[in-house]
Amino acid sequence: MKQAMFQEPKEGNKVLCGLCSHHCLISPGHRGICAVRENRDGTLYSLVYDRIIARNIDPIEKKPLFHFLPGSLSFSIATAGCNFRCKHCQNADISQLPRDHAGMVGGEPVTPAEIVEAALRHNCASISYTYTEPTVFFELAYDTAKLARKAGIKNVFVTNGYITPEALREISPFLDAANIDLKGYTDDFYKNICGARLQPVLDSIRLYKELGIWIEITTLVIPGHNDSEDELRQIAQFVRSVGEGVPWHVSRFHPTYKLMDQPVTPVKTLKRARQIGIDAGLRYVYEGNIPGEGEETICWSCGTSLVKRFGFSVEENHVHMGKCGQCGAMIDGVWE
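For clarity, every value in this text was computed on a predicted model and none was experimentally measured.

*Asks:* What is the right way to look at the sheet that holds strand S3 (residues 15-17) in this model?
*Replies:* Strands in a sheet are paired, the pairing made by backbone hydrogen bonds, and the direction either parallel or antiparallel. If you trace the 3 strands from one edge of the open sheet to the other, you get S2-S3-S4, paired in antiparallel fashion. Only two strands of the sheet have a single partner each, and these edge strands are strand S2 (7-9) and strand S4 (25-26). As defined by bridge partners, S2 adjoins S3 across 3 bridges and the pair is classed as antiparallel. Bridging across to S3, Gln7 finds its partner in Cys17.

Take a look at the structure:
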């Protein structure tokens, strides 16, 4: 166990957790919504500081990050637990493990130093805190990120954006990039499908950008839930208000976990979503989970094809020193 950061003692040995926007008030012997932070005699502890439940070497494109060190490898780790309860979670076997299995945490003991050493050994340019929600294993991510920065390795969050401003500011000096889910644009969607609220996510996205962390946004388009043109337009306009150079990934839904009664997202819906993003003034909009032309990076200035991808593979890259190889326009991202 590791004593948790961002805790405030309250009357009756209760503890207020200030790590995410749920702000759980946790009684002794109980856990927060994430199910991996527990109040023991008036002190909050992380139960997953040294319990890695998943680790892999992934292409950075899998996060997905298309404008951050394309073609590089990212050492990817996760612990059990999540502060969302998404009915469509593709990693529910680990994100919901404690909630679905009577508090079970699982995982194997790994230290921050061992994580960094493994990333170096496998020639990974970054470490991604991913698969579940990195906010809930913040202490592990924070200690690892500091060591990674010293070793010349970059740090990436793949996140639902529910972190508090205080926690984000704390880790921001060591955080280089984030892919943030903007799952929908209504409180009803967030409440009924994810067990959360919309506004903290919007505020978090803006703060990531203000802090100078490279961000890309992903929306999983689910038929009958968040696929109306009006909602997609609202999302696109919000992303544009954050920055015209912020990439937006509109991804295909496949039935999973507790949302098995919905169909796969039609290809035409994703193509329409992409066009909505372009019409809103976004420079880069990508179709996810459908390999093909919707994954291509096009120069916003001259229209030249710059990065050709197929799935998670980069087949061509004509961005040189952050510029279009044809017209010299600056291409938003971290390229070197």
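From this point, the discussion proceeds with the structure in view.
*Asks:* Can you help me understand the pairing of strand S9 (residues 126-129) in this one?
*Replies:* Within a regular strand, the side chains alternate between the two sheet faces. Burial along S9 is two-sided: the residues Ser126 and Ser128 and Ile127 and Tyr129 are all buried. Relative to S9, strand S8 (residues 73-78) runs parallel, the two being bridged by 4 bridges. Bridging across to S9, Ser74 finds its partner in Ser126. Each parallel crossover has a hand, and for S9 linked through helix H4 (residues 138-150) to strand S10 (residues 154-159) it is right-handed.

*Asks:* What is the right way to read the sheet that holds S10 from this model?
*Replies:* Pairing is mixed across the open sheet formed by 8 strands, whose spatial order is S7-S8-S9-S10-S11-S12-S13-S14. Two strands bound the open sheet, and with one partner strand each, they are strand S7 (54-59) and strand S14 (285-288). The mean inter-strand angle of the sheet, taken between neighbouring strand axes irrespective of direction, is 20°. Of the strands in this sheet, strand S12 (214-221), strand S13 (248-252) and S14 touch helix H9 (residues 267-279), which is tilted by about 170° from S13.

*Asks:* Mind showing me how you'd approach the pattern of salt bridges here?
*Replies:* It is possible for side chains of opposite charge to pair when their charged atoms get near one another. The final tally for this structure, using the stated rule, is 18 salt bridges. Between Lys62 and Asp58 there is a salt bridge; the shortest N-O distance is 3.8 Å. Lys62 gets classed as partly exposed once you look at its relative accessible area, which sits at 40%. Across the pair Arg240 and Glu244 runs a salt bridge, and its minimum N-O distance is 3.5 Å. Judged by its relative accessible area of 31%, Arg240 falls in the partly exposed class. The exposure class of Glu244 is partly exposed, given its relative accessible area of 30%. Look at the salt bridges and you will find they share partners, linking Arg240, Glu244, Arg283 and Asp332 into a network.

*Asks:* I keep staring at the pairing of strand S17 (residues 313-317) and nothing clicks. Help me out?
*Replies:* By the bridge criterion, 4 bridges tie strand S16 (residues 305-310) to S17 in an arrangement that is antiparallel. The residue bridging Phe310 from the neighbouring strand is Ser313, located in S17. Turn length for the S16-S17 hairpin, with the two strands adjacent in sequence and antiparallel, is 2 residues, and the turn residue Gly311 shows positive phi of about 65°.

*Asks:* Quick question: what am I supposed to make of helix H8 (residues 229-242) here?
*Replies:* Counting along an α-helix, one turn takes 3.6 residues, and residues three or four places apart therefore face a common direction. In a regular helix each residue adds 1.5 Å, so 14 residues correspond to 20 Å; H8 covers 20 Å between its end C-alpha atoms and thus fits that length. Taken together, the buried positions of H8 are Glu231, Leu232, Ile235, Ala236, Phe238, Val239 and Val242. With its buried residues spanning 160° around the axis, H8 presents them on a single face. Buried residues belonging to H8 abut helix H7 (199-210), S12, S13 and H9.

*Asks:* Can you help me understand the packing of helix H3 (residues 112-121) against H4 in this one?
*Replies:* In a packed pair of helices, the relevant descriptors are the angle between the two axes and the axis-to-axis distance. Relative orientation of the contacting elements H3 and H4 amounts to 50°, with a least axis distance of 9 Å. Between H3 and H4, the angle is such that the two are oblique. The two elements H3 and H4 meet at a crossing, and its hand is right-handed. Here Pro112, Ala113, Ile115 and Val116 of H3 lie close against H4, whose contacting residues are Leu140, Asp143, Thr144, Leu147 and Ala148.

*Asks:* Help me out: how do you make sense of the packing of aromatic side chains in this one?
*Replies:* Any two aromatic rings considered together are summarised by their centre-to-centre distance and by the angle between their planes. Throughout the structure, instances matching the rule amount to 9 aromatic pairs. Consider the rings of Tyr142 and Phe174, whose centres lie 6.0 Å apart with planes at 80°: the pair is edge-to-face. Within this pair, whereas Tyr142 is found in helix H4, its partner Phe174 is found in the loop between helix H5 (165-171) and strand S11 (177-181), the two being separated by 32 residues in sequence. Look at Tyr142 and you get buried, because its relative accessible area is 10%. With a centroid separation of 6.2 Å and an interplanar angle of 45°, the aromatic rings of Tyr185 and Phe238 are classed as tilted. Taken together, the residues span a long stretch of sequence, with Tyr185 in the loop between S11 and helix H6 (187-194) and Phe238 in helix H8 at a distance of 53 residues. Each member of the pair, Tyr185 as well as Phe238, carries the same accessibility label: buried.

Criteria and thresholds
Residues numbered from 1 in each chain as written. Predicted model: local features only at pLDDT ≥ 70, side-chain atom pairs only at ≥ 80, totals over all residues. Heavy atoms only, no water. Pairing = 2+ DSSP bridges. Helix = DSSP H or I, 4+ residues; strand = E, 2+ residues; numbered from the N terminus. Buried < 20%, exposed > 50% of the residue type's maximum accessible area, 1.4 Å probe, protein only. Right-handed = clockwise from strand over helix to strand, strands pointing away. Axes fitted to C-alpha atoms, helices over the stretch in contact; angles between N-to-C directions. Contact = heavy atoms within 4.5 Å. Salt bridge = Lys/Arg side-chain N within 4 Å of Asp/Glu carboxyl O. Expected span 1.5 Å × (residues − 1). Arc of directions from axis to C-beta. Parallel < 35°, antiparallel > 145°, perpendicular 65-115°, else oblique. Left-handed = near helix turned anticlockwise from the far one by under 90°. Phe/Tyr/Trp six-rings, centres within 6.5 Å; stacked < 30°, edge-to-face > 60°.

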